[in-house]
Amino acid sequence: MTATKTEEVKKELDQLLQGITSSNQLMSEVVELLHERMLKYNWVGFYMLEPETRGQPPMLVLGAFQGAMTPHTRIPLNQGICGAAASGGKTVVVDDVSKDERYLACSLETKSEIVVPVFVRGKVVGELDIDSHFPAAFKDEDRELVEHCAALVGQHLEKSSA
Ligand code: SME
């Protein structure tokens, strides 16, 4: 993916931000834009962190997404690439999911994946997960774009919970 394309999508995101009235709307629009404009982003979705409640462990819960329905609607923090990104508080890029033991399969076609945490006041509150049918689909410019999207959502959530 060329840097020019990711720059174009970032500008589209800026425009989109003008009409946003809620964080949920922002997350829906972000997944729609990335899924539509970035041809190798075959599944795009947010998982939001449900904190520990009444002895139940914290859980990543599927939120807005575009792509085929996934069997993984609730993921514990000690499972999957999703769990690793949320518990480590760091972006995880996997070029070949078949070689990563943490990987929880969503589609047989998935070859590579990126998961970027969303932060509010320095704490992980969720993450943006993207799967590709292409191996090593997520280059530096993709990582930058996805981190930019996750940061926009984090800022919006932070403002709305101020
Ligand atoms: N592959 C993820 C699970 C979520 S699906 O990709 C939508 C993981 O390993 O955590």
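Calculation criteria
Residues numbered from 1 in each chain as written. Predicted model: local features only at pLDDT ≥ 70, side-chain atom pairs only at ≥ 80, totals over all residues. Heavy atoms only, no water. Pairing = 2+ DSSP bridges. Helix = DSSP H or I, 4+ residues; strand = E, 2+ residues; numbered from the N terminus. Axes fitted to C-alpha atoms, helices over the stretch in contact; angles between N-to-C directions. Contact = heavy atoms within 4.5 Å. Near = heavy atom within 4 Å. Polar contact = N/O pair within 3.5 Å; in protein donor to acceptor, adjacent residues only side chain to side chain. Areas by Shrake-Rupley, 256 points an atom, 1.4 Å probe, with all protein chains shown as cover.

1. With respect to the sheet that holds strand 5 (residues 112-120)
Part 1: With antiparallel pairing, the six strands of this open sheet are ordered in space as 3-2-1-6-5-4. Single-partner strands in this sheet number two, and they are strand 3 (74-76) and strand 4 (92-94). Neighbour-to-neighbour, the strand axes of the sheet open up by a mean angle of 25°, direction not taken into account.
Part 2: Of the pairings in the sheet, the one linking strand 4 to strand 5 comprises three bridges and is antiparallel in character. Each bridged residue has a counterpart across the sheet, and for Val92 the counterpart in strand 5 is Val115.
Part 3: The sheet strands contacting helix 2 (residues 23-37) are strand 1 (43-50), strand 2 (59-66) and strand 6 (123-132), and the helix crosses strand 1 at an angle near 155°.
Part 4: Packed on one face of the sheet, helix 4 (residues 140-160) meets strand 1, strand 4, strand 5 and strand 6 and runs near 30° to strand 5.

2. A look at the pairing of strand 2
Part 1: Sheet topology places strand 1 next to strand 2; six bridges connect them, and they run antiparallel. From the neighbouring strand, Leu49 faces strand 2, where its bridge partner is Leu60.
Part 2: Two strands pair when backbone bridges link them, and strand 2 and strand 3 are joined in this way by three bridges, in the antiparallel orientation. Counted as the bridge partner of Leu60 is Ile75 from strand 3.

3. Considerations on the site of the ligand
Part 1: Looking at the ligand, there are 13 residues lining it, with Ile81, Cys82, Leu104, Glu113 and Asp131 nearest.
Part 2: Within the backbone of Leu104, one N or O atom sits 2.8 Å away from an oxygen atom of the ligand.
Part 3: A distance of 2.9 Å is found between a nitrogen atom of the ligand and a side-chain nitrogen or oxygen belonging to Glu113.
Part 4: Relative to its free-state accessible area of 310 Å², the ligand is covered by the protein chains to the extent of 100%.
Part 5: Elements with a contribution of two residues or more to the shell around the ligand: strand 1, helix 3 (80-88) and strand 6.
Part 6: With three residues, the single largest contributor to the shell around the ligand is helix 3.

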